[in-house]
Amino acid sequence: SSSGLNTQEIDGEVLFRRLVSEYQTEVKNRAQTLTLEMPGPMPRLLVDEVQFYQALTNLVGNGLKYTPNEGHVAIKVSVDGKLLDVSVKDDGIGIPADKQDRLFERFYRVRSSETSHIPGTGLGLSLVKAVAEAHGGAVWVESEEKKGSTFHLQAPVVVV
């Protein structure tokens, strides 16, 4: 298709279980917890698996990166008709309200004393946004400073 996506039907449950297993070592090393809540049975998804998975790893990787040791990141997947909603909630440092709009721009990073030690190019969230929009969806954040952040990726990719 002209969107440059290589879409195929995949097993949604397998995708999300793989996502969680990818971070097990990192989570253990930092005494964090990573939980996954999915509807049962999880439907099949029509996505570009490589790109979609990369977008999800960006969200989860960020959640863990900005969450202190012993912190918690929760992935929640819900389905409404064709719409898949993935939320990634962390109890990390949060994002100032005036910075939230720019988060999804290329190379933009919120610079602060609290984040200066965290590596990254700032490309991650612009990639997530591009992938979400290529799949007909969107990504956004809800966050309060000191209270953590919840990132939402929503796209009409459920096979009904």
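Reference entry: report on the structure contained in this document.

Thresholds, definitions, all that
- Residues numbered from 1 in each chain as written.
- Predicted model: local features only at pLDDT ≥ 70, side-chain atom pairs only at ≥ 80, totals over all residues.
- Heavy atoms only, no water.
- Pairing = 2+ DSSP bridges.
- Helix = DSSP H or I, 4+ residues; strand = E, 2+ residues; numbered from the N terminus.
- Axes fitted to C-alpha atoms, helices over the stretch in contact; angles between N-to-C directions.
- Salt bridge = Lys/Arg side-chain N within 4 Å of Asp/Glu carboxyl O.
- Buried < 20%, exposed > 50% of the residue type's maximum accessible area, 1.4 Å probe, protein only.

Okay, the sheet that holds strand β7 (residues 148-155) next. Hydrogen bonds between backbone atoms are what pair the strands of a sheet, whose relative direction is either parallel or antiparallel. With mixed pairing, five strands are arranged side by side in an open sheet as β2-β4-β5-β7-β6. One side of each edge strand has no neighbouring strand; the edge strands of this open sheet are β2 (33-37) and β6 (138-144). Put simply, the sheet's adjacent strands are angled 15° from each other on average, direction ignored. By the bridge criterion, six bridges tie strand β5 (residues 83-90) to β7 in an arrangement that is antiparallel. Paired with Asp 85 across the two strands is Gln 154, which belongs to β7.

According to the stated counting rule, one finds six salt bridges in the structure shown. Linking Glu 9 and Arg 44 is a salt bridge whose minimum nitrogen-to-oxygen distance equals 2.9 Å. Of the two residues, Glu 9 is situated in strand β1 (residues 8-11) and Arg 44 in strand β3 (residues 44-47); the sequence distance between them amounts to 35 residues. A salt bridge links Glu 144 to Lys 147; the nearest nitrogen and oxygen atoms lie 3.5 Å apart. Glu 144 sits in the partly exposed class, given a relative accessible area of 47%.

Quick look at the pairing of β7 now. Within β7, seven of the eight residues are buried, which leaves the element mostly enclosed by the surrounding structure. Across seven bridges, β6 lies against β7 in antiparallel orientation. Bridged to Glu 142 within β7 is Thr 150. Hairpin connection of β6 to β7: three residues between the antiparallel strands, including Lys 146 at a positive phi of 70°.

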